[in-house]
Amino acid sequence: KQEVTQIPAALSVPEGENLVLNCSFTDSAIYNLQWFRQDPGKGLTSLLLIQSSQREQTSGRLNASLDKSSGRSTLYIAASQPGDSATYLCAVRPRGTSGSRLTFGEGTQLTVNP
Amino acid sequence: EAGVAQSPRYKIIEKRQSVAFWCNPISGHATLYWYQQILGQGPKLLIQFQNNGVVDDSQLPKDRFSAERLKGVDSTLKIQPAKLEDSAVYLCASSYLLAVETQYFGPGTRLLVL
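Counting from 1, residues in each chain are numbered in the order their sequence is written. Numbering of ligands from 1 and lettering of chains from A proceed in the order in which they are written. Selection of residues for local features in this predicted model requires a pLDDT of at least 70, selection of side-chain atom pairs for listing and counting requires 80 or more, and totals for whole chains, interfaces and linings are taken over all residues. Only hydrogens and water are removed before side-chain values are computed, so all heavy atoms of the structure are retained for them.

(A) Up close: the overall build of chain B. For chain B, the helix and strand inventory stands at 0 helices and 11 strands. Put simply, DSSP H or I for four residues or longer makes a helix, DSSP E for two residues or longer makes a strand, and each gets a number counted from the N terminus. Reading the helices (α) and strands (β) of chain B from amino to carboxyl end gives β-β-β-β-β-β-β-β-β-β-β. In this treatment the radius of gyration is a C-alpha quantity, and the globule benchmark scales as 2.2 Å times the residue count to the 0.38 power. Taking 2.2 N^0.38 as the reference for a compact globule, 114 residues should give roughly 13 Å; the C-alpha atoms of chain B span a radius of gyration of 13 Å, in line with that estimate. Referenced to the eigenvectors of the C-alpha coordinate spread, the extents of chain B come out at roughly 35 × 25 × 25 Å. In chain B, which comprises 114 residues, the share counted as buried stands at 45%. Note on definitions: a residue-residue contact is assigned when non-hydrogen atoms from the two residues lie within 4.5 Å. When contacts within chain B are restricted to residue pairs at least 6 apart in sequence, those whose partners lie at least 24 apart make up 53%. The Shrake-Rupley method, run with a 1.4 Å probe sphere, supplies the accessible areas, and residue values consider only the shown protein chains as cover. With the model as given, the accessible surface of chain B reaches about 5600 Å², and the carbon-plus-sulfur share is 53%. Throughout, exposure labels follow a simple rule: accessible area from a 1.4 Å probe, protein chains only, divided by the maximum for the residue type, with under 20% read as buried, over 50% as exposed, and the rest as partly exposed.

If you want it as structure tokens, here you go:
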């Protein structure tokens, strides 16, 4: 059974700092991995999707890497801003499952202080 | 482009009562998902539709939960009877095809069972 773990559970940083969020998964047989952002009281917004054949994806100040063999992904946020404050979730789509079920981690709650 | 719509946004009921949630996916999206997100946890897939057919309902508690997607567009999720542990946010998502694309999430329905 695929399990996804995110560390740390919560992170508080001053504005302008570069930071890394970690995600690990137990089964390397995946189609892809996604990073989502969730604001309080709102749904999830997809940030980056990395296919299993890819090593990283970049969008603006965000960079996500994937090391499938070790079961790890990181989300790097450069020059953090107060608007980046949210919960960040990673999710994998395992191979061998019907449909396109995503297995989520429990998230990292990020606070960027002005 | 309009996003995924859900209603109601909030619902409070007493245990053993029934409740229904509605979702309208992004126009043209064939795949629709219902997730349950308990406070402090990542979302868990309950059921996935491809058009109006069920692709994956392996994690749906079928003794009390039911879902349908008539005509392959809108969907309803019902809980009957509700239990205290059903208190959660119910998220609807959609994607264009049953493949490796991004899933787009609605704002969710927050359910409190007293």
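Now that the structure has been shown, we can carry on.
(B) How the structure looks around the pattern of salt bridges. Residue and element names in this part refer to chain B. We count a salt bridge whenever a side-chain nitrogen from Lys or Arg sits within 4 Å of a carboxyl oxygen from Asp or Glu. Taken as a whole and assessed by the stated rule, the structure comprises 5 salt bridges over all chains. We note a salt bridge from lysine 62 to aspartate 57, for which the minimum N-O separation is 3.8 Å. For aspartate 57, a relative accessible area of 26% gives the class partly exposed. The salt bridge involving arginine 64 is made with aspartate 86; its shortest N-O contact spans 2.5 Å. With arginine 64 in the loop between strand 6 (53–56) and strand 7 (65–68) and aspartate 86 in the loop between strand 8 (75–79) and strand 9 (88–95), the pair connects residues that are 22 residues apart, well separated along the chain. By relative accessible area, arginine 64 is classed as buried at 11%.

(C) Focus on the sheet that holds strand 7 (residues 62–67) of chain A. Residue and element names in this part refer to chain A. Here a strand pair is declared whenever DSSP counts at least two bridges between the two strands. With respect to topology, 5 strands assemble into an open sheet ordered 1-3-8-7-6, the strand pairing being antiparallel. Unpaired on one side and paired on the other, strand 1 (4–7) and strand 6 (56–59) mark the two borders of the sheet. The mean inter-strand angle of the sheet, taken between neighbouring strand axes irrespective of direction, is 15 degrees. Relative to strand 7, strand 6 runs antiparallel, the two being bridged by 4 bridges. Across the sheet, the residue bridging to threonine 58 is asparagine 63, located in strand 7. Inter-axis angles, ranging from 0 to 180 degrees, are taken between N-to-C directions of lines fitted to C-alpha atoms, where helices are fitted over the stretch in contact.

(D) How the structure looks around the sheet that holds strand 8 of chain B. All names here are of chain B. As summarised here, the arrangement of the 4 strands in space is 1-3-8-7, forming an open sheet in which the pairing is antiparallel. If you trace the sheet from one side to the other, it starts and ends with strand 1 (5–7) and strand 7, each paired once. Going from strand to strand, the sheet's axes swing by 15 degrees on average, the running direction of each strand aside. In the sheet, strand 1 pairs with strand 3 (residues 19–24) via 3 bridges, with the strands oriented antiparallel. Residue pairing for strand 3: serine 7 is matched across the bridge by tryptophan 22.

Worth remembering: the numbers are spatial, not functional.
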